[in-house]
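# Breakdown of the fold
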Amino acid sequence: MSPKDDKMSSRSYKIVFCTPALYSTGGVERVVSYKASYFAEQLGYDVTIIVTEGRGRDCYFPLSDKVKVINFELGFEELWKVSFMKKVYLYLTKQRQYKRLLKAELMRIRPDITISMLRREINFLTDIPDGSKKIGELHVNRANYRNFEANDSNGLKRLFAKFWMKSLVGKLKRLDQLVVLTDKSKASWPELSNVTVIPDPITIEVKSDERGKCSKRVVTIGRYAYQKGYDLLLQAWKEVERTRKEERGRRNEDIRELENWTLDIFGQGDQTDYRMLMTELGIDVNRCHLNGPVEDVVKVYQDSSIFVLSSRFEGFGMVLVEAMACGLPVVSFDCPAGPDEIITDGVDGLLVPSGDVHALAEKLMALMSDESLRIRLGQQTLLTAQRYDMATLANQWKTLFEKVIKN
């Protein structure tokens, strides 16, 4: 490495993150808070996070005192509660305010790098002449970028979405780099030549590899939303319960391994539909529990024996990596995108065809009834999780920063 390159590698960059909010429990909020803190504390970068939401609300996740937070308090979230016509008016008004405020702040800060979570600022970010290199960071796969719920059959909406995507591609081409989380996500943007893959880091600290190895608990963590597929998981769990009852009636000795297992779902959001589904399916409420969000996720993992991911789609699937870091064997739908790039089927977890409820139930029962398989897979998951250590991924970010600065 030449003296010039060494000086470049040790440079303390000035970084600005643009993201809607920090007060909620979402995955993007967690990753932004963690990366910003690491960049500031471990790499010595000057880091600022600019948000538009959360007036008077603190950051939900730990954030270094060295990271500055600027809240424009524009309240885009107000749009969720108003009529369509008012929504259009408020959006245009707030968007103009946002453009003016962000331009003024970036011109004042003069960052080396501006990183956008590809929300509202993507419409004008590359037009701001502050001298910074612009990087977009995408945490969902392309197919679900706009539509995070069920597929819409409305022809007009599909036409609008097609127009919107064409416009978006044009804006993404103007970025200095677009960062996605998986190789499949990168392949889904064939129009772009500026795409880099950097996975999300593990954001939890596992202080011990001790966990409730004898507990008979299957666990999952996420939002109560269509994306997470908890309706599919409950249907699979119903099959588990039915098999347990049928085999018990036949006095099958092997069924003893399936006894006393429980399913715990943790997450934020409205549980009403899922409680109704449990009633319709006749699921035993003593063996299946719908819980609210959890603060100590490490304890939840360590008090469990199997992690299950039933998502219809993911941007990456960080909960899989977190569970693996705690030594949990995992069962997951092979949904787009992420699980098949994290899990090697039969080595550190079990993959199930996406949406196949029966196969999910079968794989769960295979793990529940075989302690030696749980132990073998759990030992391997610890090795897999090491790939997502922040120190390792920070080097990839440093290399990317050096690349865009030089260009």
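In what follows, the structure referred to is the one given above.
Below is a short write-up of the structure.

What counts as what
- Residues numbered from 1 in each chain as written.
- Predicted model: local features only at pLDDT ≥ 70, side-chain atom pairs only at ≥ 80, totals over all residues.
- Heavy atoms only, no water.
- 1 Å grid on protein atoms, 1.4 Å probe; cavity = no way out; pocket = protein on both sides within 12 Å on 5 of 7 lines; lining within 4 Å.
- Points joined across faces, edges and corners; volume = space filled by probe spheres on them.
- Nonpolar A, V, L, I, M, F, W, Y, C, P; charged D, E, K, R; others polar.
- Pairing = 2+ DSSP bridges.
- Helix = DSSP H or I, 4+ residues; strand = E, 2+ residues; numbered from the N terminus.
- Axes fitted to C-alpha atoms, helices over the stretch in contact; angles between N-to-C directions.
- Contact = heavy atoms within 4.5 Å.
- Expected span 1.5 Å × (residues − 1).
- Buried < 20%, exposed > 50% of the residue type's maximum accessible area, 1.4 Å probe, protein only.
- Core = buried A, V, L, I, M, F, W, Y, C linked by side-chain atoms within 4.5 Å.
- Right-handed = clockwise from strand over helix to strand, strands pointing away.
- Phe/Tyr/Trp six-rings, centres within 6.5 Å; stacked < 30°, edge-to-face > 60°.
- Lys NZ or Arg CZ within 6 Å of the ring centre and 35° of its normal.

This part covers empty space enclosed by the protein. As enumerated under the stated definition, the model contains one cavity of 30 Å³ or more in all. Considered as a void within the structure, the largest cavity measures approximately 40 Å³ in volume. Among the residues forming the lining of the largest cavity, the class breakdown is three nonpolar, two polar and three charged.

The subject of this paragraph is the sheet that holds strand β12 (residues 330-333). With parallel pairing, the six strands of this open sheet are ordered in space as β10-β9-β8-β11-β12-β13. The sheet is open, and its two borders are formed by β10 (288-291) and β13 (349-352), each paired with just one other strand. Each strand axis lies, on average, 20 degrees off the axis of its neighbour in the sheet, ignoring direction. Of the strands in this sheet, β8 (217-221), β11 (306-309) and β12 are in contact with helix α9 (residues 318-325), which crosses β11 at around 170 degrees.

The subject of this paragraph is the environment of Ile375. Considering the arrangement of structural elements, one finds Ile375 in helix α12 (residues 371-385). Between the C-alpha atom of Ile375 and that of Pro329, which follows or precedes it by 46 residues, the distance is 7.7 Å.

This brings us to helix α3 (residues 84-109). Given a rise of 1.5 Å per residue, 26 residues ought to cover 38 Å, and the 36 Å separating the end C-alpha atoms of α3 matches this to within 8%. Of all the positions in α3, only Leu90, Lys94, Gln95, Tyr98, Leu102, Glu105, Leu106 and Ile109 are classed as buried. Where α3 is buried, its residues touch β1 (14-18), β2 (46-51), β3 (68-71) and β4 (113-116). Of the residues trailing α3, Arg110 is marked for its positive phi of about 55 degrees.

Moving on, we come to the nonpolar core. In terms of nonpolar packing, the biggest core is built from 36 residues, with Val218, Trp237, Leu360, Leu364 and Met368 touching the most fellow members. Here this core takes eight residues from helix α11 (residues 357-368), the largest share from any one element. Val297, Val298, Val300 and Tyr388 belong to the second largest nonpolar core, which has 28 residues in total.

Its location among the elements puts Ile135 in strand β5 (residues 133-137). Placed 37 residues apart in sequence, Ile135 and Leu172 show a C-alpha to C-alpha distance of 9.2 Å. Every residue in contact with Ile135, bar those within four places of it in the chain, is listed here: Ile113, Thr114, Ile115, Ser116, Leu175, Gln177, Val179, Leu400, Phe401 and Val404.

So, about the pairing of β1. In terms of burial, β1 is largely enclosed, as four of its five residues are buried. Two strands pair when backbone bridges link them, and β1 and β2 are joined in this way by five bridges, in the parallel orientation. Bridge pairing links Lys14 to Asp46 in β2. Read as a crossover between parallel neighbours, the route from β1 over helix α2 (residues 27-41) to β2 is right-handed.

Further remarks concern the sheet that holds strand β6 (residues 177-180). Strand order in the open sheet formed by seven strands is β3-β2-β1-β4-β5-β6-β7, and the pairing between neighbours is parallel. Lying at the two open borders of the sheet, with one neighbouring strand each, are β3 and β7 (195-197). In this sheet, adjacent strand axes meet at a mean angle of 25 degrees when their direction is disregarded. Sitting on the sheet, α2 touches β1, β2 and β5, and the angle it makes with β2 is about 160 degrees.

Here the focus is the packing of aromatic side chains. Aromatic ring pairs are defined here through the distance separating the ring centres and the angle between the ring planes. Within this structure, the stated rule accounts for 18 aromatic pairs. Where Tyr224 meets Tyr230, the ring centres are 5.6 Å apart and the plane angle is 70 degrees; that geometry is what we call edge-to-face. Among the residues examined, Tyr230 registers a relative accessible area of 2% and is labelled buried. Look at Tyr301 and Phe307: their rings are 6.0 Å apart centre to centre, the planes differ by 70 degrees, and that puts the pair in the edge-to-face class. Accessibility classification places Tyr301 together with Phe307 in one group, the buried group. Grouped by ring-pair contacts, the aromatic residues Tyr13, Phe17, Phe39, Tyr45, Trp397 and Phe401 constitute a single cluster. The ring of Trp189 carries Arg142 above its face, with NZ or CZ at 4.3 Å from the centroid.

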